[in-house]
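Below, each chain spelled out in residue letters.
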Amino acid sequence: MQIKRDYSQPFFGSRRRRGGGGKSLFLFGILLGGLLVFVYVQFDRLQLTALDAVGMAPTPTPFASTLATEGYEYFLAGDIETAIGYFEQAIQQQPNNVNYLYEYGRMLLELDRVEEAIAIGDRAIEADRNDPRGYALKTRAMWLNGDAANAIPVGVSGLEVDSNYGPLYAALAPAYTDIGRFQQGVNYGAQAVELDPLDVDARRSYAYTLIFVGEREEAINQLEEAVSINPNLVGPYFELALQYLVSNEEELAIATYERILSLEPRNAKAYLRLCEAYSRVGLDSQAEGYCRDALDIDETYAEAYRQLGMSNFRRRNYEGAIENFEACAANGSTEVQCFYLRGLAHFYLNDCDEAWELLQESLPMAEQLADNEAVISNIREGLRLVTGTCPAYAGQALPTPIPPTPIPPTPIGGV
C-alpha cells in the first residue's frame, strides 16, 4: 500500500505546542543521562565494536584451555620450546592449575631446565596437596638434579596421596637405583610401566633401572618402546643411542643420532654425539667435522671442544689439541681430558713447564673420578716422561696418589 504525504504541509509543524515543555525536557534529561551511563559502563565493548567495524580490533586473548591444548600439540610434535611458550601463557591466566603446571614442568625437564622444574613442582604441590602430580614432577626433577636421596621422601609423600599413580613410581625407580637399592628400582620401574604402558617416562625410568642389574637388552627394548610412543621426542633417542654404543652397535647409534637431526637440524648435542661415535670406530676425520658442526651452532660448547681436542690428539695434531683443550677449559669444563691431555700435548711439543704444571693440576682431578685407573696411569706416565726428559725437572718426586672418591652415576637424561 502506498502512503500519500500531503506536501502542502511542512515536515515540521509551524505551530508551537503550548504547555508540556518542562516535561519534555525532563524526559530528555533522563534519556541523555541513561545514555551517558550506558556509554560509560560499556565503553570497552563499544570501543572494540567500533574498532572491529574498521578492521582495527585487537585479537582476543585465547582461553587458558585453548593455549594449553595448542601447547600440548606442539609438544607431541616435538617443538618443546613453542609448547612451553603456550603453557606459560596458560599459567599466567590460571597460576594454580595443576594440569598446566605439571605438563609445563615435564617440558622443562626435556630441556634440562631442572631447577625451574623443581620450583614448578613446589607450586603444584602448594596448589593442591592432594594431587599426586606435583610430587611426581618434583621427585623426577630432584633426581635429575643429582639429589636422589632427598627426592625419595617427596615421592613417598606422593604415594600416600595416590598409591596407584604411575608417574610416581617412574620418578622413584631411578632415585632408588641411584642410592643402591637396585631391586626396588627395578620393581618400581616395572610397576610404572604396568600402571601406564603409554607413559614415555615410565619406559625410560624402567630402562635406567634395568641397566644397573645387567639387563641391557631389555633396557634397549624399553627405550625402543618409548621412541615408538612419541617418535618426535628427542630425549629417548639420545638414551637409546647411548645404549646402542655401549652394546657395540655403532651403526644403530649413528642412525639414531641422524634421526634426531632430522627432527632438530640444529641440535648441537646430536652433532657432538656423532663426533664421539665416529671417533669410537676410528674415523677421526669424519668425527672432527661433526664436532665443528656442533661448535658452529654453539661456540661455547665445552664438550665439543673436548672431543675435538681428543680427536686432534689422536691424530698427533698437538697444536690443534692444545687450542681446543684450552677452549674447553675456558668455557667452564672441568673434564680431566682438557687438562692432562693438554699437558701431554705440551710435552710432545717440548714445552716442559706447561706440561708439568697441567699434569700436576690434573692428577687430583682424576683421583676424584670413578673408574680412574687408566687416567691416573696416563698422568703419572706423563710426569715420569717430564722428569726423565726435561733437565729442569730431573729428579722431581712424583705426587703420591690418594684413594679415589667415586662419583654418583650420571642420570640417563644427561647422555
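Cut-offs and rules
- Residues numbered from 1 in each chain as written.
- Predicted model: local features only at pLDDT ≥ 70, side-chain atom pairs only at ≥ 80, totals over all residues.
- Heavy atoms only, no water.
- pLDDT = per-residue confidence, 0-100.
- Contact = heavy atoms within 4.5 Å.
- Phe/Tyr/Trp six-rings, centres within 6.5 Å; stacked < 30°, edge-to-face > 60°.
- Helix = DSSP H or I, 4+ residues; strand = E, 2+ residues; numbered from the N terminus.
- Buried < 20%, exposed > 50% of the residue type's maximum accessible area, 1.4 Å probe, protein only.
- Lys NZ or Arg CZ within 6 Å of the ring centre and 35° of its normal.
- Patch = residues over 30% accessible without salt bridge, like charges linked within 9 Å, V, L, I, M, F, W, Y side chains within 5 Å.
- Areas by Shrake-Rupley, 256 points an atom, 1.4 Å probe, with all protein chains shown as cover.
- Salt bridge = Lys/Arg side-chain N within 4 Å of Asp/Glu carboxyl O.
- Lys, Arg positive; Asp, Glu negative; His and termini not counted.
- Charge placed at Lys NZ, Arg CZ, Asp CG, Glu CD.
- Core = buried A, V, L, I, M, F, W, Y, C linked by side-chain atoms within 4.5 Å.
- Disulfide = S-S within 2.5 Å.

## Re the confidence of the model for the chain
Point 1. On average, residues of the chain score 87 in pLDDT, and 82% of them reach the 70 mark or higher.
Point 2. When the criterion is pLDDT under 50, residues 1-32 qualifies, and its contacts beyond four places in sequence or with other chains add up to 1 contact.
Point 3. Confidence drops under a pLDDT of 50 for residues 404-414, and excluding neighbours within four residues, the segment shows 26 contacts in the predicted structure.

## A word on the packing of aromatic side chains
Point 1. Tallied over the full model, the rule gives 16 aromatic pairs.
Point 2. Summarising the aromatic geometry, the rings of Trp143 and Tyr208 are spaced 5.2 Å apart at their centres and angled 75 degrees between planes, so their arrangement reads as edge-to-face. Here Tyr208 lies in helix α11 (residues 200-212) and Trp143 lies in helix α7 (residues 132-144), a separation of 65 residues in the sequence. Each member of the pair, Trp143 together with Tyr208, is buried.
Point 3. Their ring planes at 15 degrees and their centres at 6.0 Å tell us that Phe182 and Phe212 sit as a pair that is stacked. One end of the pair, Phe182, is in helix α10 (residues 182-195); the other, Phe212, is in helix α11, with 30 residues separating them in the sequence.
Point 4. Under the relative-accessibility criterion, Phe182 is labelled partly exposed at 34%.
Point 5. Members of the aromatic cluster, connected to one another through ring pairs, are Trp143, Phe182, Tyr208 and Phe212.
Point 6. If you follow Lys269 out to its NZ or CZ, it ends over the ring of Phe238, 4.3 Å from the centre.

## Notes on a negative patch on the surface
Point 1. On the surface, Glu323, Glu326, Asp353, Glu354, Glu357 and Glu361 cluster together into a patch of negative charge.
Point 2. Counting residues per element, the ones that place at least two in the negative patch are α18 (318-330) and α20 (352-367).
Point 3. No other element matches α20, which puts 4 residues into the negative patch.
Point 4. By secondary structure assignment, the location of Glu323 is in helix α18.

## Concerning the pattern of salt bridges
Point 1. The final tally for this structure, using the stated rule, is 18 salt bridges.
Point 2. Glu116 is the salt-bridge partner of Arg113, the closest N and O atoms lying 2.8 Å from each other.
Point 3. For Arg133, the salt bridge identified is with Asp131, shortest N-O distance 2.7 Å.
Point 4. Taking relative accessible area as the criterion, Asp131 reaches 10% and is therefore assigned buried.
Point 5. What emerges from the salt-bridge pattern is a single network uniting Glu103, Arg106, Glu110, Arg140, Asp201, Arg204 and Glu239.

## What to know about the nonpolar core
Point 1. Tyr257, Tyr340, Ile379 and Val386 are the most contacted members of the largest nonpolar core, which totals 119 residues.
Point 2. Once residues lying within four places of it in the same chain are set aside, the contact partners of Tyr257 are Phe238, Ala241, Leu242, Leu245, Ala270, Arg273 and Leu274.

## Topic: the environment of Leu210
Point 1. With respect to the helices and strands, Leu210 occurs in helix α11.
Point 2. As for Leu210 and Pro174, which are separated by 36 residues in sequence, their C-alpha atoms are 9.7 Å apart.
Point 3. The contacts of Leu210, once residues within four sequence positions are left out, are Val186, Glu215, Arg216, Glu218, Ala219 and Gln222.

## Structural notes on the environment of Leu240
Point 1. Here Leu240 lies in helix α13 (residues 234-246).
Point 2. For the pair formed by Leu240 and Arg204, sequence separation is 36 residues and the distance between their alpha carbons is 9.3 Å.
Point 3. Those residues in contact with Leu240 that lie beyond four places of it in its chain are Ile220, Leu223, Glu224 and Val227.

## So, the state of the cysteines
By definition, a disulfide links the sulfur atoms of two cysteines through a covalent bond.
Point 1. Under the definition given, this model contains 3 disulfides.
Point 2. A disulfide bridge connects Cys275 with Cys291, and the sulfur atoms are separated by 2.0 Å. With the S-S bond torsion at -85 degrees, the cross-link from Cys275 to Cys291 turns out left-handed. Remark: Cys291 occurs in helix α16 (residues 284-297) and Cys275 occurs in helix α15 (residues 268-280); sequence separation between them is 16 residues.

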